[in-house]
Amino acid sequence: MHATCNRQRQTRQQVKGIKRSSINAIIAAATLAAAAPASAAEITLTATFRDFLDSHADFEQDIGGSDHDIVADTLGPDRKPVYAPGASGSTLTTNGKTEFDQWYRDVPGVNMTTTKPLILLETATPGTFSFTTGAFYPIDDELFGNQGRTHNYHFTTEIHGEFTYGGGEIFGFTGDDDVFAFINGIKVIDIGGIHGAIGISISLDAKASELGLVLGETYEFDFFHAERQTIASAFTFTTSIDLEDTPLSTSVSEPATGILFAGGLLGSAWLRRRIWR
C-alpha cells in the first residue's frame, strides 16, 4: 500500500516537473522571439525598363554634359514628361521631340519593354527606405541585349506611385544619367544630361506650398531615369515617402527574369521561392 502511494506521488511529481519544464521552454522561446530583430520592412515598386539600340540619336552618341530643362515643369495628361527644348527644337544632349517622346513610351522597332520589381529596404533610419547600387544594369543580356558590351547601357526607367502626405518626408536620388522626378505633377528633381553620378535630395515640407501639399491628402509620385552612354551606371533611390505602387499599363516585350533587390538582380529561381513561400 505504501509502495503504491509512493509511486503515485512520484508520478504526480514527474508530471508537475514536465509541466514546469514545458512552461519554462515556452517562456524562453517567447523571450527569444521578442528579442530577435524583426524582418526588415520594404517598399516594392514596379520599374518599367525600355531598351534602346546604341544607334538611337539620343543614346551613345558623341554628346555629353548637364542638360537641364529638357522637360517642362509639369507632367503631361498621360503622366509622362513633356519635352520642352525652347525655340531651338533640341537641347545639348537630345535631338528633338520625336526622339525624346520614345524614351518613356512603347515604340515597336525603336525600343523593347519589360518590368521588374524594385525593392527598397529600410535603412538604419527607421521609416527611410533605399535601393542603392554602383552597377545598375537591370536588363543585361535581355531585350536588345548588350550589343557587344559587358553591360546593357542604353535604357530608361519609369516608376509611378502615390502616397498620403504625413509631413516630414524626404526624397533623394544619386546617379546617372538623366533623372526627372515629379510630385503632384510638378517637377522636383531635374538632373538631365549625360554625366557622372549627381546627387540631390528634397524635403517635402520645404516644397509643400509650391507643390500644393496638404497633410492627410493623397498625391502622385512619378520618376523617370535614363542610362544613355557607357561606361558606368549608378542608382541610389532613397525616401521616407510611404509609396504605394501604381504602375501605368505598358506593352511588355519580354517577361521579367528577376527582381531588383537592395542593389542586386536576383534571378527567377529566387523569385519563385519568394512568391511561393
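What comes next concerns the included structure. Everything numeric here is computed off the predicted structure, so don't read it as measured data.

### Section: the side chain of Glu-169
Next up, step 1: Residue position: Glu-169 is located in the loop between strand 5 (155–164) and strand 6 (170–175).
Next up, step 2: Lacking a salt bridge, the buried Glu-169 has Lys-207 as its closest oppositely charged neighbour, with an N-O distance of 14 Å.
Next up, step 3: Polar contacts involving the side chain of Glu-169 include one to the main-chain amide nitrogen of Gly-166, which spans 2.7 Å.
Next up, step 4: There is a polar contact of 2.9 Å between the side chain of Glu-169 and the backbone nitrogen of Gly-167.
Next up, step 5: Those residues in contact with Glu-169 that lie beyond four places of it in its chain are Thr-164, Ile-202, Ser-203, Leu-204, Asp-205, Ser-240 and Ile-241.

### What about the pattern of salt bridges?
Next up, step 1: Using the criterion set out here, one finds 15 salt bridges in the structure.
Next up, step 2: Residue Glu-220 pairs with Arg-79 through a salt bridge whose shortest N-O separation is 3.4 Å. Of the two residues, Glu-220 is situated in strand 11 (residues 218–227) and Arg-79 in the loop between strand 2 (65–66) and helix 2 (97–100); the sequence distance between them amounts to 141 residues.
Next up, step 3: Judged by relative accessible area, which is 14%, Arg-79 ranks as buried.

### Remarks on the pairing of strand 12 (residues 235–239)
Next up, step 1: What you see with strand 12 is a clean split: Phe-235, Phe-237 and Thr-239 sit on the buried side and Thr-236 and Thr-238 on the side with no burial.
Next up, step 2: In this structure, strand 4 (residues 129–133) lies alongside strand 12, joined through 5 bridges in antiparallel fashion. Counted as the bridge partner of Thr-133 is Phe-235 from strand 12.
Next up, step 3: Where strand 6 and strand 12 come together, 5 bridges link them in antiparallel fashion. When the bridges of strand 12 are listed, Gly-175 appears paired with Phe-235.

### What about the packing of aromatic side chains?
Next up, step 1: Applying the stated criterion across every chain yields a total of 24 aromatic pairs.
Next up, step 2: Pairing Phe-49 with Phe-155 gives two aromatic rings, centres 6.2 Å apart and planes at 70°, and the pair type is edge-to-face. Note that Phe-49 is positioned in strand 1 (residues 42–52) and Phe-155 in strand 5, a separation of 106 residues in sequence. There is no split in this pair, since Phe-49 and Phe-155 are both buried.
Next up, step 3: Between Phe-52 and Phe-59, the ring centres sit 4.6 Å apart and the planes meet at 15°, which makes this aromatic pair stacked.

Cut-off values and rules
Residues numbered from 1 in each chain as written. Predicted model: local features only at pLDDT ≥ 70, side-chain atom pairs only at ≥ 80, totals over all residues. Heavy atoms only, no water. Helix = DSSP H or I, 4+ residues; strand = E, 2+ residues; numbered from the N terminus. Buried < 20%, exposed > 50% of the residue type's maximum accessible area, 1.4 Å probe, protein only. Lys, Arg positive; Asp, Glu negative; His and termini not counted. Salt bridge = Lys/Arg side-chain N within 4 Å of Asp/Glu carboxyl O. Polar contact = N/O pair within 3.5 Å; in protein donor to acceptor, adjacent residues only side chain to side chain. Contact = heavy atoms within 4.5 Å. Pairing = 2+ DSSP bridges. Phe/Tyr/Trp six-rings, centres within 6.5 Å; stacked < 30°, edge-to-face > 60°.

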